[in-house]
Each structure stands twice: as C-alpha cells, then as structure tokens.
Amino acid sequence: LDEIFGEQNFVATCIWHKVYSPKNTAKYFSEDHDYLLVYAKKKAAWKPNFLERTDEMNARYSNPDNDPRKEWKASDLSARNYYSEGTYPIVCPSGRVIPGPPTGMYWRVKEAKFKELDKDKRIWWGEDGNNIPAIKRFRSEVKDRVPQTIWHYDEVGHTQEAKQNLIEIMNFSSSDDVFITPKPVALVERVLELATQPHSIVLDSFAGSGTTGQAVLSTNARDGGDRRFILVESEDYADTLTAERIRRVANG
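So, how was this worked out
Residues numbered from 1 in each chain as written. Predicted model: local features only at pLDDT ≥ 70, side-chain atom pairs only at ≥ 80, totals over all residues. Heavy atoms only, no water. Pairing = 2+ DSSP bridges. Helix = DSSP H or I, 4+ residues; strand = E, 2+ residues; numbered from the N terminus. Core = buried A, V, L, I, M, F, W, Y, C linked by side-chain atoms within 4.5 Å. Buried < 20%, exposed > 50% of the residue type's maximum accessible area, 1.4 Å probe, protein only. Contact = heavy atoms within 4.5 Å. 1 Å grid on protein atoms, 1.4 Å probe; cavity = no way out; pocket = protein on both sides within 12 Å on 5 of 7 lines; lining within 4 Å. Points joined across faces, edges and corners; volume = space filled by probe spheres on them. Nonpolar A, V, L, I, M, F, W, Y, C, P; charged D, E, K, R; others polar.

J.: Before we go on, may I ask you to explain the sheet that holds strand β9 (residues 134-138) in this structure?
T.: By definition, the strands of a sheet pair up through backbone hydrogen bonds, in either a parallel or an antiparallel sense. Taken together, the three strands give an open sheet; going across it, the order is β3-β9-β8, and neighbouring strands pair in antiparallel fashion. Every interior strand has two partners, whereas the edge strands, β3 (72-76) and β8 (123-124), have only one. By the bridge criterion, five bridges tie β3 to β9 in an arrangement that is antiparallel. Within β9, the residue paired with A74 across the bridge is K136.

J.: It is not clear to me how the nonpolar core should be interpreted in this structure. Could you clarify?
T.: The tendency in soluble globular proteins is for nonpolar side chains to be buried as a group. Membership of the largest hydrophobic core is limited to twelve residues, which are L77, Y88, I90, C92, I98, W107, V109, F114, L117, I123, W125 and I135. In this structure C92 touches I98, W125, G129, N130 and N131, once residues within four positions along its chain are discounted. The next biggest cluster of nonpolar side chains, apart from the first, holds nine residues, and it includes L166, I167, V178 and Y237.

J.: Is there a simple way to think about the layout of surface pockets in this case?
T.: The volume enclosed by the largest pocket comes to roughly 1,600 Å³. For the largest pocket, the lining is made up of 45 residues, of which L36, L37, V38, V191 and L203 are closest to its centre. Mapped onto the lining of the largest pocket, the elements with two or more residues apiece are β1 (10-17), β2 (33-39), α6 (185-195), β11 (201-204) and α7 (211-223). By residue class, the composition of the lining of the largest pocket is 29 nonpolar, eleven polar and five charged. Considered as a void within the structure, the second largest pocket measures approximately 400 Å³ in volume. Taken together, 19 residues make up the lining of the second largest pocket; nearest its centre are E52, E189, E193, T219 and R222.

J.: Help me understand the side chain of R190 in this model?
T.: Relative to the assigned elements, R190 resides in helix α6. Taking relative accessible area as the criterion, R190 reaches 9% and is therefore assigned buried. Not counting chain neighbours up to four residues away, the residues in contact with R190 comprise L51, R145, W151, E155 and V156.

J.: Honestly, the environment of Y82 in this entry has me stumped. Any pointers?
T.: Take Y82: it is sitting in the loop between β4 (78-79) and β5 (90-91). On a C-alpha basis, the gap between Y82 and A215 in space is 47 Å, while along the polypeptide they are 133 residues apart.

J.: Explanation requested: unusual backbone geometry in the structure shown.
T.: Across residues other than glycine, the phi torsion is negative in most instances, and most of the peptide bonds are trans. Phi at K70 takes a positive value of approximately 75 degrees, unusual for a residue other than glycine. Residue position: K70 is located in the loop between α2 (55-58) and β3. Look at K70 and you get exposed, because its relative accessible area is 54%. Residues other than glycine seldom take positive phi values, yet K121 does so here, at roughly 60 degrees. Tracing the backbone shows K121 in the loop between α3 (111-119) and β8.

Pasting the structure below:
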C-alpha cells in the first residue's frame, strides 16, 4: 500500500474486535482482533465522513427543565487544563457561594462568559438551584461523532455473524461448509459510511464471498444512494458463490 499510494498518504490503522468470545483452542492467546489499514489518494485533501450518533448516545440527553431547545446533557464546568481566567467565585441561585473550582481544577470559561451562558439559561444548577453549575450541551448542537480507530463487534459485526449471514443467503447446511472467512456486512458498511458518497464507485480487488457488493446494496437501500461496485475474484467460486450471492441479495 505504501508503494501504491505513497507512505505519506497513510491515514490510520483501525482495530476490529472480530470475535465475541475467546477461542478456547488457542495455544497461547485467543486472537480476537484484526486490522484495517486506511490510505487516501491525497491525504491532505481527504477527510472521513462523520458517523451517525447511536441510540445509546442520544439516550444520555434529556430535558428535565422543559427547555424549548429540547434535549440536553450536563457537561462539567471544571477542567484540569490551566486557564488564567478560570478561578473565580460563583453564587448559586439558592444563595450558596462556591469560592472557586475544585482544588487543582479551573473553570473552563471566564467569568464574563459564564454569566452570559447563565443569562441564556445554558447553566444547570440542579433541581434546587444549589448544585455546582454545569454547562448544558444541547443534542441539536452536537456534531455527529468523529470516527475512532477501535471498532467493536457490537457495531460492525463479528466473524460468526458473517458466516451466519452467508449461510442464510447461500443455503450452506452449517458454518463448517463455509470454506472462506467472510467479513460481516456491517463492517464493510462502516467503511462505506466513512469513505463514500451516494454516487461513489467501490472497488474490491479480492471480492471473496461478495460481502462488499452486499454492503453497497444495503447502504444504497438505507440512504437512497446509487453507489456502484466492481468485484474482482479469480477463484473457482467466483460465479457459484461471489456472483451468486449478489444475485440473490439483489433479488431480495
């Protein structure tokens, strides 16, 4: 890949947690992860797409004070990073005086900014107006999430799930009959979510069982895109497995 794209266009190594239980037959360690190497054609000109926030992330937001800006989450006002204007007393609505931030900490905004946030009702004092203040972060103002380099199987699938999916489509009698190691559709969908646009062309030079083709079709169905794919496979199962899987998926 360094030779093809240039080592200056290497972006990151992602780690995929690919199994959901340890392999008891392992001699030394159960190898539970694999790698995805990320390269760009021109690193300086490329950025990955943001990921949609999960239901679990959104569930952390609520609206106990019926703020018209809707759901929000309390964020700590104090931080460890030194801030020259981050030490000042605060008077709670209850009348309680907080002499300053916790020891070794600093308020993350200066006093004038804090008063501005409070006037805009972006400070949460607790139900009784006596808590240490927190900044309200509204869900509507939060960006979709930045992709991380560790990919867990509960989001992108695991190897057993990949085999089961292939069995359901191709009518293998058991996972023992699956003679190649397929990737989960969700894993490739994550790649497409990060690296493609609705009109992209996706190339898989080692198509294997055709997971990439299925992932493109499912991604298009989800977001209305018209991505196209090119699958290359020269083994003797290219038509009986790779292409046949795509035919069956395309036909529902």
